[in-house]
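# Tertiary structure, described
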Amino acid sequence: MSSKPRPRLREKAQVLDDVALDRALTRIAHEILEKNAGSSGLAFVGLRTRGVTLAQRLAARIGRIDGATLPVGTLDITLYRDDLDMRGAPVIRGTDIPFSIKDKTVVLVDDVLFTGRTVRAALDALIDLGRPRMIQLAILVDRGHREVPIRPDFVGKNLPTSRRESVAVRLREHDGEDQVVIQEPEEA
Amino acid sequence: MAWTRKDLLTMRELDAAEILTLVDTAASLQEIASREIKKVPALRGKTIVNLFYESSTRTRTSFEIAGKWLSADVVNFSISGSSAAKGESFVDTARNIAAMSPDVVVVRHSSAGAATLLARELPCSVVNAGDGAHEHPTQALLDLLTIREKKGHFEGLGVAIVGDIAHSRVARSNIHGMRKLGMTVTVAGPPTLIPPFVQELGCKVAYRLEDAIRDVDVIMMLRLQNERMAGDLIPSLREYARYWGLSLDKLHAHARPDVVIMHPGPVNRGVELSPEVADGPYSVILDQVSRGVAVRMGVLLLLAGSKSAEAA
Amino acid sequence: MSLLIRNGRVVDPATSVDAVQDVLIADGVIERTGPRLAAPPGTEVLDATGRVVCPGFIDMHVHLREPGHEYKETIASGTRAAAAGGFTAVCCMANTNPVNDNGAVTDYIRAKARVEGVVRVYPIGAVTRGLRGEVLAELAELAEAGCVAFSDDGRCVMDAALYRRAMEYTLPFGAPVISHAEDHTLSRDAAMHEGVVSTELGLPGEPAAAEEVMVARDILLAELTGARVHIAHISTAGAVRLVRDAKARGVRVSAEVTPHHLLLTEDAVRTFDPNTKMKPPLRTKRDVEALLEALADGTIDCVATDHAPHATSEKEGEYDRAANGILGLETAVPLLLDRLVRPGRLPLPTLVARLSRDPARLLGLPGGSLAPGSPADVTILDLEASVTVDPRRFRSRSRNTPFGGWTLHGGPWRTVVGGAVLAP
């Protein structure tokens, strides 16, 4: 978490609209079921705010397809970050996984995959919380620029970006609309 | 809000936002206690020194657990049987510890101002675990966390703090913290145990237990130390227990049915609290203890939880 | 050997002079003062243009620590500190080791001062043997050996009957008893003034009454015996009121105040710096106001520093365990000039009187005046010189002052003792 003042961003392009986002999630839900030959033994763990919402939507979708009610947990990886700086006032929202992950196939869900460090921290956190049988990674947008060897199992959209750009995922439950946009810093 | 202080020394110098940051951080760390593997790597590689000049197994252990759950290396300096017993001065001990480059020193001492002194001497973070009768900020923070959990909020609550206010660092820290968060505090006890001008700290004063515990949401009873008997402050433990000790009868007669009873521990059953009250349904004393580890984790994390020398 | 101090503003309250004049000194004695004096050939001339020329300042409450505590201060270092601070004479208290409770110790101090001291040293003898407050010291022998007053300073003589006898016994000597007014039962374990700040800091305090109880007692005993009693380091408004009322009744009571009690309050203790710890403790703003008013109107007769050197190890660390007392000799004059005279809170001639004429009068000491025949002890001040207090540069062996870093305007320029200009 940087304590440099954030540059002002302007929207460059819309990458997914609400319809496309919805289709992507449906496709991911089917892929999860296909890869795991059904929903038995599955559990979802979402990262940060929007990963949790996406996990909830995926679980709901699989429930509609398959009939199963899958558990969804929340993971806060602040305490596992390799660049932890408490002075930057990170908000620890807390981890809440009210079920055992032992021997489960945990599908870790996040909105954007970038350097991969967040997911690396999430793996450490998950392993401290129990011993899953398998961990799979579901991502809405993969924008490249990996700094650690992490690869997703399920991707909504591959989106090549430049480093100075940012990707913003907006979800109805938080931002009033479903949308993914690319942003870049305003020229001074 | 961002935590910017090098040390945690007093509640008096904190503003409400800082207090809430500490309380909220502690709240978010509580779930670690219910994990099977009670460890997060946040303070891995950090060294925490517990410098306890007063014997205190409870608080020291609480800090030790907190540090270890955050993956820090925790070292205990307890002073009996160490160089201080051989006459090494507090300042020399501090300088020797500084030379070992710890990241945090947690200090408890019988002299008011000892933590402040240490914070001036040492470049690392200093946590005041109790300095004489002056302050004990982590105790106040865990009390506040407990209160918010039981009552849901701070603003507008009424609190009575009963006992040896004059010699109590717990009372002082709590008065400051509660006042800043919008609570009304009344201190009560025999007049010889109420310090002069205590109202200037921002509280009311009562001399009878019955007057203090009426209409409050929280009653905090303080430990009466045996040393008080030696002085001329109160005539006997018997008289103190009779007039200022909290029994079930007095609770039922004067206090609200939804009141919670708190105590920083250890409890002198039969003196400030009857056993039925200490172990009864109104008491949240054990909750306080478990909040203590979370609060201390929060404090250590905010002080030492930075991996880079400067923010990226 | 003659010395002409030329063209300074001579402020001599004892002779009611405040004018630009010359001062002619010969053979260690003031020959005369006046405008444009002629100097005999061979006279050393000291040009005091723009400076203030005063009778040599006398500090009647100083702890020189010798014999016994030489690691804190010696007669040599303490008198050099005095000279650097503009003092030409000091009175040293008896709480040495051994205590100055017999003629042999008094002789030792006076001999050391003759050989190693650079300003005049007047010993104060103990009231009780060993300062234990149990039996009288051999007060007649002390007086004969040269003690100018008697005091158990550091401790209060708690036994009223004993203190009464001390006052009676010393009546014929013409030397006052100096009271360290502190009821030790009320001040037990105290580390500061009992009030708003002590409650906030959780430090044990002593109420103003701890001092006032003894001031009242000592005034009444003085009334009973007809003796002269001098209240050391007075610090509370209540004590001032007691002294004022007693003086109005004709009781032979006098009082001194320290610079730090005039300038600092209990708020200074909030830093937990042990250099704010002394007896009596720093009090409240109200007390400070009362002390200043009393110093101006003469209810308080003089300023005395209570110079109390301590080793650094004794004045760092835990507040409640630190030794009591701070240095005073090298900061008193600049502090009082900068903080009282410059802002117009105390007239310069009044300050000069409280540092020279009045202590001399109280103890019957030669000096305190520039009248012809007085000893040639002169303090020359520079009201414009600016200095930032740096304890590392003190002549004292110790460093315990809370005034380090204070920038002060005005201070001593030259100190002359017996006609000899001391090196600055």
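Presented here is a report on the structure given in the accompanying data block. Just so you know, these numbers come straight off a predicted model, no measurement behind them.

### Focus: the nonpolar core
- With 289 residues, the main nonpolar core has V105, I219 and L300 of chain B together with F150 of chain C as its most contacted residues.
- Broken down by element, the residue count for this core peaks at eleven residues, all from helix α12 (residues 285-304) of chain B.
- Non-local contacts of F150 of chain C, meaning those with residues more than four positions away in its chain, are made with I124, G125, A126, V127, L139, L142, A166, T170, A175, V177 and I178 of chain C.

### Re helix α9 (residues 285-297) of chain C
Residue and element names in this part refer to chain C.
- Over its 13 residues, α9 runs 19 Å from end to end, which matches the ideal 18 Å to within 8%, given 1.5 Å per residue.
- Considered for burial, the residues of α9 that qualify are D287, V288, A290, L291, A294 and L295. The buried side chains of α9 occupy one side of the element, clustering within an arc of 165° when seen end-on. What points out from α9, more than 90 degrees from its buried face, is the exposed set K285, R286 and D297.
- Buried residues along α9 sit against α7 (237-249), β13 (253-257), α8 (259-263) and α11 (348-355).
- The first or second residue beyond α9 is G298, which carries a positive phi of 90°.

### Describing unusual backbone geometry
All names here are of chain C.
- Here the bond from E66 into P67 is cis, since omega is 5°, no more than 30 degrees from zero.
- Checked against the element boundaries, P67 lands in the loop between β6 (57-62) and α1 (75-84).
- Residue P280 is reached from K279 by a cis peptide bond, and omega for that bond is -10°.
- Along the chain, the position of P280 falls in the loop between α8 and α9.
- Its identity as a non-glycine residue notwithstanding, R65 has a phi of 70°, on the positive side.
- By the secondary structure assignment, R65 is in the loop between β6 and α1.
- When the 26 C-beta atoms within 10 Å are taken as the criterion, R65 is described as buried.
- Located in the positive-phi region is L131, a residue other than glycine, with phi close to 60°.
- Relative to the assigned elements, L131 resides in the loop between β8 (120-123) and α3 (139-145).

### Section: the packing of helix α5 (residues 137-151) of chain B against helix α6 (residues 169-180) of chain B
All names here are of chain B.
- Running from amino to carboxyl end, α5 crosses α6 at an angle of 55°, the nearest separation of the two axes being 8 Å. With respect to their mutual orientation, α5 and α6 come out oblique. Viewed along their axes, α5 and α6 form a crossing whose handedness is right-handed. In this structure, α5 contributes P137, Q139, A140, D143 and L144 to the contact, and α6 contributes V170, S173, N174 and G177.
- Of the residues belonging to the contact of α5 with α6, the class tally is four nonpolar, four polar and one charged.

### Describing the pairing of strand β8 (residues 179-185) of chain A
Residues and elements named next belong to chain A.
- Bridging between strand β1 (residues 9-16) and β8 involves six bridges; their strand directions are antiparallel. Paired with E11 across the two strands is Q183, which belongs to β8.
- Here strand β7 (residues 166-170) pairs with β8 via five bridges, running antiparallel. Opposite V167, over in β8, you have I182 as the bridge partner.

Calculation notes
Residues numbered from 1 in each chain as written. Chains lettered and ligands numbered in written order. Predicted model: local features only at pLDDT ≥ 70, side-chain atom pairs only at ≥ 80, totals over all residues. Core = buried A, V, L, I, M, F, W, Y, C linked by C-beta atoms within 7 Å. Buried ≥ 20, exposed ≤ 12 C-beta atoms within 10 Å, placed from the backbone. Helix = DSSP H or I, 4+ residues; strand = E, 2+ residues; numbered from the N terminus. Contact = placed C-beta atoms within 7 Å. Expected span 1.5 Å × (residues − 1). Arc of directions from axis to C-beta. Axes fitted to C-alpha atoms, helices over the stretch in contact; angles between N-to-C directions. Parallel < 35°, antiparallel > 145°, perpendicular 65-115°, else oblique. Left-handed = near helix turned anticlockwise from the far one by under 90°. Nonpolar A, V, L, I, M, F, W, Y, C, P; charged D, E, K, R; others polar. Pairing = 2+ DSSP bridges.

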